[in-house]
Amino acid sequence: MNTSIPSSDRLDRRTALKWMATAAASAALLPRSRAQPAPEPGVSVVTAPMGDGYGTDPDLLRDYAPGDLWPLTFNDHQRRTAAVLCGLIIPADNRSPSAADLKVHDFIDEWISSPYPAQAGDRALILQGLEQLDGLAQKRYGSPFADLRINAQATLCDKLAKMEEMDAATESALSASDREFRQLQRAFRRFRDLTAGGFFTTPEGLKDIGYLGNVPLAAFPAPPADLLKRLGLPVE
């Protein structure tokens with residue numbers, strides 16, 4: 001467990017648990033079955049933590065401290081790398097802060113640290129991906145990913161994103177360089193999905209997409225006339 005990050009600099013545990021409960025309800029984030037992948041040669045992945053988890057009815061009114069339910073996974077370097085990735089995947093704009101500003105990387109740390117089967121594969125995949133990303137950055141630029149200039153970071157991420165556009169028919173035509181990115185593609189895709197899932201379950205993310213949720217109404221207007229016409233219903 002990483003204990004060197006001040007607790008005040010982390011996402012609070014109650015919020016993280018709320019995000020996890022919401023994100024777990026999303027089919028995009030919860031695979032039906034995810035076998036834990038075998039590590040690539042030369043890549044080490046620490047074993048999954050053990051714990052009872054939060055059960056089927058977590059107490060969201062209680063203030064949990066990191067480690068109360070399960071130990072967190074990221075060390076300082078992994079957490080910094082994950083934060084950089086989150087900020088690149090969803091940067092700040094005129095509508096919302098970045099995913100890193102909202103500490104989505106802490107949500108991902110909670111996600112991969114929790115002792116549930118659905119997250120076990122993500123844990124190995126994400127940790128392995130972060131290590132491979134550092135290896136790629138070292139090989140191309142001589143520094144770990146988090147220490148690169150933002151242009152170099154963006155270049156690596158853009159290349160990973162473009163690899164998704166290459167179908168199986170082009171697999172045999174990949175260069176040795178492309179194959180290094182291909183090895184990272186699955187981890188990058190999952191990290192991107194977790195980042196989006198975490199971000200869009202925050203109040204800022206929900207506001208970004210215009211989701212209002214349940215709000216009180218002062219009046220109850222009739223359905224729009226054009227909608228009624230499309231449904232073949234009478235317009236009053």
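Residues numbered from 1 in each chain as written. Predicted model: local features only at pLDDT ≥ 70, side-chain atom pairs only at ≥ 80, totals over all residues. Heavy atoms only, no water.

A.B. asks: Would you take a moment to explain empty space enclosed by the protein for this structure?
C.D. replies: Empty space among the atoms becomes apparent when a probe as large as a water molecule is rolled across them. Under the criterion given, the structure shown has two cavities of 30 Å³ or more. Taken as a whole, the largest cavity holds about 80 Å³ of empty space. Taken together, L85, I126, G129, L130, L133, L160, L184, A187, F188 and F191 make up the full set of residues lining the largest cavity. Here the lining of the largest cavity is composed, by residue class, of nine nonpolar, one polar and no charged. (1 Å grid on protein atoms, 1.4 Å probe; cavity = no way out; pocket = protein on both sides within 12 Å on 5 of 7 lines; lining within 4 Å. Points joined across faces, edges and corners; volume = space filled by probe spheres on them. Nonpolar A, V, L, I, M, F, W, Y, C, P; charged D, E, K, R; others polar.)

A.B. asks: Where do I start with helix 5 (residues 150–163) in this structure?
C.D. replies: Residue pairs spaced three or four apart in an α-helix point in one direction, given the helix's 3.6 residues per turn. With 14 residues, helix 5 extends 20 Å between its outermost C-alpha atoms, agreeing within 8% with the 20 Å of an ideal straight helix rising 1.5 Å per residue. Of all the positions in helix 5, only A152, Q153, L156, C157, L160 and M163 are classed as buried. Buried residues in helix 5, looked at end-on, bunch into an arc of 135°, giving them a common side. Residues I150, N151 and K162 are exposed on helix 5 and point more than 90 degrees away from its buried face. As for helix 5, its buried residues are in contact with helix 2 (76–89), helix 4 (117–141) and helix 6 (176–199). (Helix = DSSP H or I, 4+ residues; strand = E, 2+ residues; numbered from the N terminus. Expected span 1.5 Å × (residues − 1). Buried < 20%, exposed > 50% of the residue type's maximum accessible area, 1.4 Å probe, protein only. Arc of directions from axis to C-beta. Contact = heavy atoms within 4.5 Å.)

A.B. asks: I tried to follow the pattern of salt bridges on my own but got confused; where do I start?
C.D. replies: Here the idea is simple: oppositely charged side chains can pair when their charged atoms come close. According to the stated counting rule, one finds nine salt bridges in the structure shown. Notably, a salt bridge pairs R190 with D122, separated by 2.9 Å at the nearest N-O pair. Residue R190 is located in helix 6, and its partner D122 is located in helix 4; the two are separated by 68 residues in the primary sequence. With respect to burial, R190 and D122 carry one shared label: buried. (Salt bridge = Lys/Arg side-chain N within 4 Å of Asp/Glu carboxyl O.)

A.B. asks: For this particular structure, what's the right way to read the nonpolar core?
C.D. replies: Soluble globular proteins tend to pack their nonpolar side chains together in the buried interior. Within the largest apolar cluster, 35 residues are counted, with the highest numbers of intra-cluster contacts made by F74, L85, V104, I108 and F145. Listed by contribution, the elements that provide at least two residues to this core are helix 2, helix 3 (104–113), helix 4, helix 5 and helix 6. If we skip the residues at most four places from it in the chain, I108 touches F74, C86, F191, L194 and T195. (Core = buried A, V, L, I, M, F, W, Y, C linked by side-chain atoms within 4.5 Å.)

A.B. asks: Help me understand the packing of helix 3 against helix 4, please; the structure alone is not making it clear to me.
C.D. replies: Between two packed helices, the angle of one axis relative to the other and the distance separating the axes together describe the packing. Orientation of helix 3 relative to helix 4, taken along the N-to-C sense of each, is 125°, at an axis distance of 7 Å. In this view, helix 3 runs oblique relative to helix 4, as classed from their interaxial angle. In this structure, helix 3 uses W111, I112 and S113 to contact helix 4, whose residues at the interface are Q119, D122, R123, I126 and L127. (Axes fitted to C-alpha atoms, helices over the stretch in contact; angles between N-to-C directions. Parallel < 35°, antiparallel > 145°, perpendicular 65-115°, else oblique.)

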